[in-house]
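Structural features, examined
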Amino acid sequence: MTPGIPARPGRPKHDPPRIGIMGGTFDPIHNGHLVAASEVAWVYDLDEVIFVPTGRPVFKLDKEVTNAEDRYLMTVIATAPNPKFTVSRVDIDRPGITYTIDTLRDIRAQYPSAELFFITGADAVTEILRWKDVDRMRDYAHFVAVTRPGYSDPGAIRHAPEGMVDALEIPALAISSTDIRHRASLSEPVWYLVPDGVVQYIAKHGLYRR
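Okay, so let's go over this structure. (Residues numbered from 1 in each chain as written. Predicted model: local features only at pLDDT ≥ 70, side-chain atom pairs only at ≥ 80, totals over all residues. Heavy atoms only, no water.)

1. Structural notes on the sheet that holds strand β3 (residues 85–87)
In a beta sheet, neighbouring strands are held together by backbone hydrogen bonds and run either parallel or antiparallel to one another. One open sheet holds the 6 strands; their spatial order is β3-β2-β1-β4-β5-β6, and the pairing between them is parallel. In the strand order of this sheet, the two ends are held by β3 and β6 (165–169), each with one partner. Along the sheet, successive strands turn relative to each other by an average axial angle of 25°, direction set aside. Pairing of strand β1 (residues 18–24) with strand β4 (residues 115–121) involves 5 bridges; the strand directions are parallel. In the sheet register, I21 faces β4, and the bridge partner there is F118. Packed onto the sheet, helix α4 (residues 100–110) meets β1, β2 (48–53), β4 and β5 (142–147) and runs at close to 145° relative to β4. (Pairing = 2+ DSSP bridges. Helix = DSSP H or I, 4+ residues; strand = E, 2+ residues; numbered from the N terminus. Axes fitted to C-alpha atoms, helices over the stretch in contact; angles between N-to-C directions. Contact = heavy atoms within 4.5 Å.)

2. Section: the nonpolar core
Membership of the largest hydrophobic core comes to 33 residues, with the highest contact counts inside it found for V49 and F51. Secondary-structure elements contributing two or more residues to this core are α1 (31–43), β2, α2 (68–79), β4, β5, α8 (177–185) and α9 (196–205). Among the elements that take part in this core, α1 stands out by supplying 5 residues, more than any other. Not counting residues within four places of it along the chain, the set of residues in contact with V49 comprises G20, M22, A37, A41, K84, F85, T86 and I119. The next biggest cluster of nonpolar side chains, apart from the first, holds 24 residues, and it includes M137, Y140, A160 and V165. (Core = buried A, V, L, I, M, F, W, Y, C linked by side-chain atoms within 4.5 Å. Buried < 20%, exposed > 50% of the residue type's maximum accessible area, 1.4 Å probe, protein only.)

Right under this line is the structure:
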């Protein structure tokens, strides 16, 4: 084992296990996402956090989104150093539009006894709560809406079913995927906004260039 790199635990410390699901477009994944997942794992004492890059996100059908394989590989690169982080292809490999309810069903099928926590940005949670099968989602997972400092709690979160959604402020979420794509399109540096391996992947594959 490489010095300083902890081995992945052989089994979860909870029975049933407590598992976070970090859903997002990850276009690209950045350090704010990683800090958010780490913080939620700490606050909620999670055994594992599964990152799930969306396939064809329903809220971005009118926007250009980077190829799913590129987003998946960047997520694998970014999460590799943390023994609690894994990456799932369930949304990428499922045909059609990505709905959160389908993500939750697929992960539940893989971990039938686990206590699930769905982690995503507060903006995304606001959209999710307006869409498909919201009343059934609470049967699958508790939602954690991660917010950036100064974010005004949207009404959709405040008026979600009681106990369904927590909000957790993450300072590093001031980093923005939109800003990173813009900087990369202008060949401006994105070092320390995204993990080193993702910087190199973006440059090697010419992502986000105009």
